[in-house]
Amino acid sequence: MEILIGRDISWIDIIKQIFRVVEFNKDGTLIDSDGNVITTSKFKPYGYLLVESPILNNPVSLPITHRDDFLLAASIYDEPELVKVLGDLELLVTYFPKIKHPQGLAGNLHALHYVITPTRTLERYYEMENDKHMSIPEPEKIFGVFVWEGEVKVGVNPNLRL
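Everything numeric in this text was worked out from a predicted model, so none of it was measured.

Caption draft 1: Highlighting the overall build of the chain. Helix and strand counts for the chain stand at four helices and eight strands. In the chain, the succession of α and β elements from N to C terminus is β-β-β-β-β-α-α-β-β-α-α-β. Radius of gyration (C-alpha) of the chain: 15 Å, near the 15 Å computed for a compact globule of 162 residues. Projected onto its principal axes, the C-alpha coordinates of the chain cover approximately 45 × 40 × 35 Å. Each of the 162 residues in the chain was classed as buried or not, and the buried ones make up 41%. Averaging the locations of the 16 positively and 23 negatively charged side chains of the chain gives two centres separated by 4 Å.

Caption draft 2: Region of interest: the packing of aromatic side chains. This structure, assessed with the given rule, holds nine aromatic pairs. Between Tyr46 and Phe70, the aromatic rings sit 6.1 Å apart at their centres with planes inclined by 35°, giving tilted as the arrangement. Residue Tyr46 is located in the loop between β3 (37-38) and β4 (47-52), and its partner Phe70 is located in helix α1 (residues 67-77); the two are separated by 24 residues in the primary sequence. Their ring planes at 25° and their centres at 5.8 Å tell us that Phe143 and Phe146 sit as a pair that is stacked. Note on accessibility: Phe143 and Phe146 belong to one class, buried. Feature note: the residues Phe24, Tyr46, Phe70 and Tyr77 constitute an aromatic cluster, connected by ring pairs. Seen from the ring of Phe96, Lys16 lies directly overhead, with NZ or CZ sitting 5.0 Å from the centre.

Definitions and limits used
- Going along each chain's sequence as written, the residues are numbered from 1 onward.
- Note on the predicted model: pLDDT of at least 70 is required for a residue's local features to be given, and 80 or more for side-chain atom pairs to be given and counted; whole-chain, interface and lining totals, by contrast, use all residues.
- Only hydrogens and water are set aside; all other atoms, that is, all heavy atoms of the structure, feed into the side-chain values.
- Helix and strand assignments come from DSSP, with helices taken as H or I runs of at least 4 residues and strands as E runs of at least 2, each series counted from the N terminus.
- The size measure is the radius of gyration over C-alpha atoms, and the globule rule it meets is 2.2 Å times the number of residues to the 0.38 power.
- Only protein chains enter the calculation, and the probe is 1.4 Å; a residue is then buried if its accessible area is under 20% of its type maximum, exposed if over 50%, and partly exposed in between.
- By the counting scheme adopted, Arg and Lys are positive, Glu and Asp are negative, and His together with the chain ends is not counted.
- To locate a charge, the coordinates of NZ of Lys, CZ of Arg, CG of Asp or CD of Glu are taken.
- Two rings belonging to Phe, Tyr or Trp (six-membered ring only in the last case) form a pair when the distance between their centres is within 6.5 Å. Interplanar angles under 30 degrees mark stacking, angles over 60 mark edge-to-face geometry, and anything in between is tilted.
- Whether a charge lies above a ring is judged from NZ of Lys or CZ of Arg, which has to be within 6 Å of the ring centre and within 35 degrees of the ring normal.

In structure tokens:
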């Protein structure tokens, strides 16, 4: 059985932790020609990200529970040229809600933040300063300034200095 964040791993345990996106599963959600997001059920996530990280033993599924978070992932994976580029780079994601509700659930604002970085950024981040970020995450070192409202987009950090 697949390990699922929100069921097997608490949302509160992954706040500000960083993951590498391995796969994007739309789970039947579509984007029509007008840009409307059409889900199979209002009671299910928009889709899932298969993610991996040194903080985990195995890849896990990260539910995408906000429309904007789904659109951000689709903006990468729906563009064949960008998917090709990801072969030489990596797409990282962190769960960082602006307002944290009980059990770490996000409010009505998006909570997944994405950045494209050079390969092995994830490993370098978690290995630095004697594995400090395993227990004290500082995703702003990779993601920069976090945005929850207004124009949200996938960040790009090609000249990362860790």
